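Coordinate analysis (summary)
Next come the chains, spelled out residue by residue.
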Amino acid sequence: FNLDSPIVQAVGKVGQMMITTVTWLIFCLPIFTVGAATTAMCRVMINLKEDKSCSFKTFWKAFRENFKQATLLWLILLVCAAILAVLFYLVVLVESAMVRVLALVVFCLLFFLVYIVAIYVFPLTAYFENTLSATIRNAIGMGLGNLRQTIFCIALTLLPLVLMLVSMKLFVMMLFMLIILGPGAICYGQMCLLLPVFHR
C-alpha cells in the first residue's frame, strides 16, 4: 500500500486512463472536435508516461492550443476515408478478376498509408510544434521508417475488433470496460511505442 509501490502506481495509471477516456468521449460528441480531443488525450498519455501532470487542465490546454490544426487534420482524414470508401465501391464493381486484384492491391496500399497518418498525426501534433503539411510528411516518414512500432500501434487499435471476432459473448461482457478504459489504454500503449521514436 506504499504510494511508490508498483501496484499503487499501476492502479493510479488505470484510473487516469479511465478519467481521460471519459473526458475524451465527452469532447468527441460534436464529432468535428474528435481530432482536437484525440490530440489532447495523446498529450495526457504522454505526460502519464513521463510522470508529469495529467489533470483536466492538461487536457483542456492541449485541446485549446491544438484545436485548429488537429481539427484540420481530422477533416482531411475524413475526406481520405470517404475517398477510400468510393474507391472500394469501384473496386467491387470491376468485372475483370485481374484488374480487380490489382485495384485491390492499390486500395490496400492507400488504406495502409492513411492508417499510418491517422496513427501518427495526433501524437505528433501533441508532442511537436509544426505546420500541417510538415506534420503529415513526418507522420508518413516516421510511420514507414519505424514499421515495427507502426504495426504494433495498428495491432493495438484492432484489439477490440479481434476480441469481438474471437468471442462475441466476451466482447459484450467487457463492452463497458472497453468503452470507459479502451481508448485511454490503447492511446497509452501507443505513446509507449512512439515516444522513443519521437525522442530520436
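Here the structure is a predicted model, which means the values were calculated and not measured.

Reading the values: the criteria
Residues numbered from 1 in each chain as written. Predicted model: local features only at pLDDT ≥ 70, side-chain atom pairs only at ≥ 80, totals over all residues. Heavy atoms only, no water. Axes fitted to C-alpha atoms, helices over the stretch in contact; angles between N-to-C directions. Helix = DSSP H or I, 4+ residues; strand = E, 2+ residues; numbered from the N terminus. Left-handed = near helix turned anticlockwise from the far one by under 90°. Contact = heavy atoms within 4.5 Å. Nonpolar A, V, L, I, M, F, W, Y, C, P; charged D, E, K, R; others polar. Core = buried A, V, L, I, M, F, W, Y, C linked by side-chain atoms within 4.5 Å. Buried < 20%, exposed > 50% of the residue type's maximum accessible area, 1.4 Å probe, protein only. Salt bridge = Lys/Arg side-chain N within 4 Å of Asp/Glu carboxyl O. Expected span 1.5 Å × (residues − 1). Arc of directions from axis to C-beta. 1 Å grid on protein atoms, 1.4 Å probe; cavity = no way out; pocket = protein on both sides within 12 Å on 5 of 7 lines; lining within 4 Å. Points joined across faces, edges and corners; volume = space filled by probe spheres on them.

1. Some thoughts on the packing of helix 1 (residues 6–28) against helix 3 (residues 56–65)
Working note: a packed helix pair is described by the angle between its axes plus the distance between those axes. Where helix 1 contacts helix 3, the axes come no closer than 11 Å and their chain directions differ by 35°. Between helix 1 and helix 3 lies a crossing of right-handed hand. Note on element contacts: helix 3 touches helix 1 through F56, F59, W60 and F63, opposite T20, T23, W24 and F27. Partitioned by chemical class, the residues of the contact of helix 1 with helix 3 number six nonpolar, two polar and no charged.

2. Regarding the nonpolar core
Among the nonpolar cores identified, the biggest contains 42 residues, and M45, F59 and Y120 are the most heavily contacted of them. At the level of secondary structure, the elements contributing two or more residues to this core comprise helix 1, helix 2 (34–49), helix 3, helix 4 (67–93), helix 5 (97–127), helix 6 (132–145), helix 7 (147–166) and helix 9 (175–199). Here this core takes 10 residues from helix 2, the largest share from any one element. Contacts of M45, omitting those with residues within four sequence positions, involve Q16, M17, T20, G184, C187, Y188 and M191.

3. Examining the pattern of salt bridges
Tallied over the entire structure, the rule returns one salt bridge. In this structure, E50 engages K52 in a salt bridge whose closest nitrogen and oxygen atoms are separated by 3.2 Å.

4. Side note on the packing of helix 5 against helix 6
In contact at an axis separation of 8 Å, helix 5 and helix 6 are set at 115° when each is read in the N-to-C sense. Remark: the crossing between helix 5 and helix 6 carries right-handed chirality. Every residue of helix 6 that contacts helix 5 at F112, L113, I116, V117, Y120, V121, L124 and T125 is listed here: T135, I136, N138, A139, I140, M142, G143 and L144. Grouping the amino acids of the contact of helix 5 with helix 6 by side-chain chemistry returns 12 nonpolar, four polar and no charged.

5. A short note on the environment of F111
Within the secondary structure, F111 sits in helix 5. Of the residues examined, F111 reaches a relative accessible area of 41% and is grouped as partly exposed. For the pair F111 and A85, spaced 26 residues apart in sequence, the C-alpha separation works out to 9.8 Å.

6. Examining helix 6
If you check helix 6, its first and last C-alpha atoms are 20 Å apart, about what 14 residues at 1.5 Å a residue would give, namely 20 Å. For helix 6, every residue scored as buried is listed here: A134, T135, A139, M142 and G143. Looking down the long axis of helix 6, one finds its buried residues gathered within 155° of arc, a one-sided arrangement. The outward face of helix 6, more than 90 degrees from its buried face, is lined by the exposed residues R137 and G145.

7. Quick look at the layout of surface pockets
Of the volumes computed, that of the largest pocket is approximately 740 Å³. Residue assignment for the lining of the largest pocket shows that the elements contributing at least two residues are helix 2, helix 4, helix 5, helix 7 and helix 9. The element contributing the most residues to the lining of the largest pocket is helix 5, with seven residues. Estimated volume of the second largest pocket: approximately 330 Å³. Along its surface, the second largest pocket is lined by 14 residues, and R43, A62, E65, N66 and A126 are the ones closest to its centre. Listing elements by their share of the lining of the second largest pocket, those giving two or more residues are helix 2, helix 3 and helix 5. Split into classes, the residues belonging to the lining of the second largest pocket amount to four nonpolar, six polar and four charged.

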